[in-house]
Amino acid sequence: MKEKEGSSASRRNFIKGSLATLATFSIVPRHVLGKGFIAPSDQLTKAIVGVGSMGRGHIPYAGTKVVALCDVDKKHLETAVGMVDKGVKTFSDYRELIQLPEIDIVHVATPPHWHGIIAADAARAGKDVWCEKPMTRTIGEGKRLIEAVQQHGRVFRLNTWFRFQDNFYGMKTTVKPIKKLVQSGLLGWPLKVTVSKHTGFDWKFYWVGKTNNAPETIPAELDYEMWLGPAPYKPYSAHRVHQTFRGYWDYDGGGLGDMGQHYIDPIQYFLGKDDTSPVSVEIDAPQQHTEAVGTWRRITYTYADGCQIVLDGEAKDEKVAYIEGPKGKLYPDFKSDIPDLEKKLAAFPDPEPQVTDFVDAVKNRKKFALNEENGHRSCTIVNMGLIALRLGRSLKFDPDKQEFIDDEGANRLIDQPMRGPWTM
């Protein structure tokens, strides 16, 4: 049927006007449209707390736009501001930042002694949270962070990604085929996993603290009182802050605190231990200094079913298998003593898919693959080892109560005192 004269032009004008309206709608900030509303084609807005090298490295992330930055060091803040669009808001106190209504995600990239407090406060302020590893510096902080995230209906991501992407260090493969192999039963059960430089995992023992730090003048650009926050007051020394803070118990736990969750979280995943913890931790290590983190020779975790995770600091066995079971072994580069392993493995189903797109998880309110619950469990393994090292003794642990058995000294380190006025 032939259109009447002028109708085509009218239709074009209508469509043009409608598209203009939609375009206008799509750039309206979601907080104007109502809490929780996500406008079409709209990027998520992000704030970063802690913009040292780690925080600055996460400025460019697809699907997000940085709108606010926070740091207690003015030089860090100035550097970060130069990397983002004009108009970004800056803060020295995260408590002001998390009140901004336009922020969707708060990325916590501070030293670990701040992770729990800032992440929990952000969740209580209605923000979704992206947190660096280790998730928290203590087991108690992890339990309270879970409560804050879940009570306020937030989406949480812990930033170690090896359970779902990237080649997993010396294994030269993603974790997916390792998970498939473990699920297949071809290696048998229980399994022993050895994390050593010979299986591709460097423990970074250069993160060792100094025991003879002399007090130094606090740099003018640094708010040292706020940098310390909940940590015990100690005179300022450059070696205790910024790049070398990991060598001090007040803020982190050396190489184990730095790399432990990267290495251990994927093991927890492929062993199917996301909802439990080891029942014991045994250590072989020199006596640790009360303030400065030292090295260790061996840490062994054992689960109730006999599975073990061995953290080998000495790396004496150059031919050690990464995974050893009663039916076979898996070595670096995904090599095995099981003949035709890949052919046999092809007959088994793949692991269940995971939610690995954080932007999609936030927009659609999905639980992320590495979240507050399983992240807390893998962080607990790290913190069990750190507590055993600090005390200089092996420990028994109740995975359900999440406390040590018959050891008052160890249980005191589950919830360590915070310097006022900071609490969780």
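Residues numbered from 1 in each chain as written. Predicted model: local features only at pLDDT ≥ 70, side-chain atom pairs only at ≥ 80, totals over all residues. Heavy atoms only, no water.

Enquirer: Before we move on, could you go through the sheet that holds strand 2 (residues 64-70) and cite the residues and values that matter?
Expert: The strand order across the open sheet built from six strands is 3-2-1-4-5-6, with neighbouring strands paired in parallel fashion. Of all strands in the sheet, those with a lone pairing partner are strand 3 (89-91) and strand 6 (156-158), marking the two edges. Here the average twist between neighbouring strands, direction ignored, is 25 degrees. The pairing of strand 5 (residues 128-131) with strand 6 spans three bridges and is parallel. When the sheet's bridge partners are listed, Val 129 is paired in strand 6 with Phe 156. (Pairing = 2+ DSSP bridges. Helix = DSSP H or I, 4+ residues; strand = E, 2+ residues; numbered from the N terminus. Axes fitted to C-alpha atoms, helices over the stretch in contact; angles between N-to-C directions.)

Enquirer: Outline the domain arrangement of the chain, listing residues and values.
Expert: For the chain, the domain assignment lists domain 1 (44-158) and domain 2 (175-352 + 368-414). For domain 1 and domain 2, the distance between their C-alpha centroids amounts to 24 Å. Summing both partners gives a buried area of about 3,000 Å² for domain 1 against domain 2, and 62% of it is carried by carbon and sulfur. Its largest share of buried area at the contact with domain 2, domain 1 owes to Val 72, Lys 133 and Ile 139, together 24% of the area lost on that side. Looking at which element gives the most residues to the side of domain 1 that touches domain 2, the answer is helix 7 (residues 139-151), with seven residues. Its residues assigned to classes, the side of domain 1 that touches domain 2 shows 13 nonpolar, eight polar and nine charged. (Domains from an automatic or database assignment. Buried area = accessible area lost by both parts, 1.4 Å probe. Nonpolar A, V, L, I, M, F, W, Y, C, P; charged D, E, K, R; others polar.)

Enquirer: Talk me through the pairing of strand 9 (residues 298-302); I want residue IDs and the actual numbers.
Expert: Burial of strand 9 is extensive: four of the five residues sit out of reach of the surface. Here strand 8 (residues 280-284) runs beside strand 9; their pairing, made up of five bridges, is antiparallel. Bridge assignment links Ile 283 to a residue of strand 9, and that residue is Ile 299. Pairing analysis gives five bridges linking strand 9 to strand 10 (residues 308-312), with the strands arranged antiparallel. Paired with Arg 298 across the strands is Asp 312, a residue of strand 10. Hairpin connection of strand 9 to strand 10: five residues between the antiparallel strands, including Gly 306 at a positive phi of 95 degrees. (Buried < 20%, exposed > 50% of the residue type's maximum accessible area, 1.4 Å probe, protein only.)

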